[in-house]
Amino acid sequence: MAVDKSMRGQGLGSQLVDFAIAISVSISEHVGCRLLVTDAKQSAVKFYEKAGFTHVYIHQVGPDQDGFLDFYSSEILPRYAKATVGA
């Protein structure tokens, strides 16, 4: 998602985020969507925090990206989800 530089400052980015969240909430009733992840540029982190996102930084160590992502999805995300339920 992005807003062209010439169109920034008009609330379009916030509308896009609100729309993405609405879609996620809608499909969560059917497919179990519990988490919306953004891979934001560092300069956009504050924008997403203002929109209600929690900033979680992860960084791969070593050359095995698939192994890292498997570990992260099976070990870290479930623990994070349990820790944030009802938060």
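Everything discussed here concerns the structure shown above.
Basis of the calculations
Residues numbered from 1 in each chain as written. Predicted model: local features only at pLDDT ≥ 70, side-chain atom pairs only at ≥ 80, totals over all residues. Heavy atoms only, no water. Helix = DSSP H or I, 4+ residues; strand = E, 2+ residues; numbered from the N terminus. Buried < 20%, exposed > 50% of the residue type's maximum accessible area, 1.4 Å probe, protein only. Contact = heavy atoms within 4.5 Å. Areas by Shrake-Rupley, 256 points an atom, 1.4 Å probe, with all protein chains shown as cover. Phe/Tyr/Trp six-rings, centres within 6.5 Å; stacked < 30°, edge-to-face > 60°. Salt bridge = Lys/Arg side-chain N within 4 Å of Asp/Glu carboxyl O. Patch = residues over 30% accessible without salt bridge, like charges linked within 9 Å, V, L, I, M, F, W, Y side chains within 5 Å. Polar contact = N/O pair within 3.5 Å; in protein donor to acceptor, adjacent residues only side chain to side chain. Expected span 1.5 Å × (residues − 1). Arc of directions from axis to C-beta.

**Student:** I'm lost on the overall build of the protein chain in this one. Help?
**Tutor:** Summing up its helical and strand segments, the protein chain has 3 helices and 0 strands in all. Out of the 87 residues belonging to the protein chain, those deemed buried represent 11%. The long-range fraction of contacts in the protein chain, counting pairs at least 24 apart against all pairs at least 6 apart in sequence, stands at 35%. Counting every atom, the protein chain has about 7,300 Å² of accessible surface; 57% of that belongs to carbon and sulfur.

**Student:** Could you clarify how one ought to interpret the packing of aromatic side chains in this entry?
**Tutor:** Ring pairs (aromatic) are described by centroid distance and by the angle formed between their planes. Taken as a whole and assessed by the stated rule, the structure comprises 3 aromatic pairs. Centre to centre, the rings of Tyr48 and Phe53 are 5.4 Å apart; their planes meet at 85 degrees, and the pair counts as edge-to-face. Per residue, the accessibility class of Tyr48 equals that of Phe53, and both read buried. Through a chain of ring-to-ring contacts, three or more aromatic side chains come together here, namely Phe47, Tyr48 and Phe53.

**Student:** Is there a simple way to explain the pattern of salt bridges in this structure?
**Tutor:** Note on pairing: side chains with opposite charge can pair once their charged atoms come close. Under the definition given, this model contains 2 salt bridges. Of the charged contacts, one joins Glu49 and Lys46 as a salt bridge, the two residues approaching to 4.0 Å between their closest N and O atoms. Within this pair, Glu49 and its partner Lys46 are both found in helix 2 (residues 45–50), separated by 3 residues, close to a single helical turn. On the basis of relative accessible area, Glu49 is assigned to the partly exposed category, the value being 31%. With its nearest N and O atoms 3.4 Å apart, the salt bridge here joins Glu75 to Arg79. On the criterion of helical spacing, the pair formed by Glu75 and Arg79 is a turn pair, its members being 4 residues apart in helix 3 (residues 65–84).

**Student:** Where do I start with a nonpolar patch on the surface in this structure?
**Tutor:** Together, Phe19, Ile23, Ile27 and Val31 make up a nonpolar patch on the protein surface, roughly 390 Å² of accessible area in all. Along the chain, the position of Ile27 falls in helix 1 (residues 12–31).

**Student:** What's the story with the environment of Ser24 in this structure? I'm lost.
**Tutor:** Examined against the element boundaries, Ser24 turns out to sit in helix 1. Taking relative accessible area as the criterion, Ser24 reaches 11% and is therefore assigned buried. Within the structure, Ser24 has its side chain in polar contact with the backbone oxygen of Ala20 (distance 2.9 Å).

**Student:** When you look at the environment of Ser14 in this model, what are you seeing that I'm missing?
**Tutor:** Mapped onto the secondary structure, Ser14 falls in helix 1. Separated by 11 residues in sequence, Ser14 and Val3 place their C-alpha atoms 9.9 Å apart.

**Student:** Please explain helix 1 as it appears in this structure.
**Tutor:** Taking 1.5 Å of rise per residue, the 20 residues of helix 1 would be expected to cover 28 Å, and the 28 Å separating its terminal C-alpha atoms lies within 8% of that figure. Three or more residues of helix 1 are buried, namely Gly13, Val17 and Ser24. Angular distribution of buried residues about the axis of helix 1 spans 35 degrees; they occupy a single face of the element. Exposed residues on helix 1 whose side chains face more than 90 degrees from its buried face are Gln15, Asp18, Phe19, Glu29 and His30. Contacts from the buried residues of helix 1 go to helix 2. Within two residues after helix 1, Gly32 carries a phi angle of roughly 80 degrees, on the positive side.

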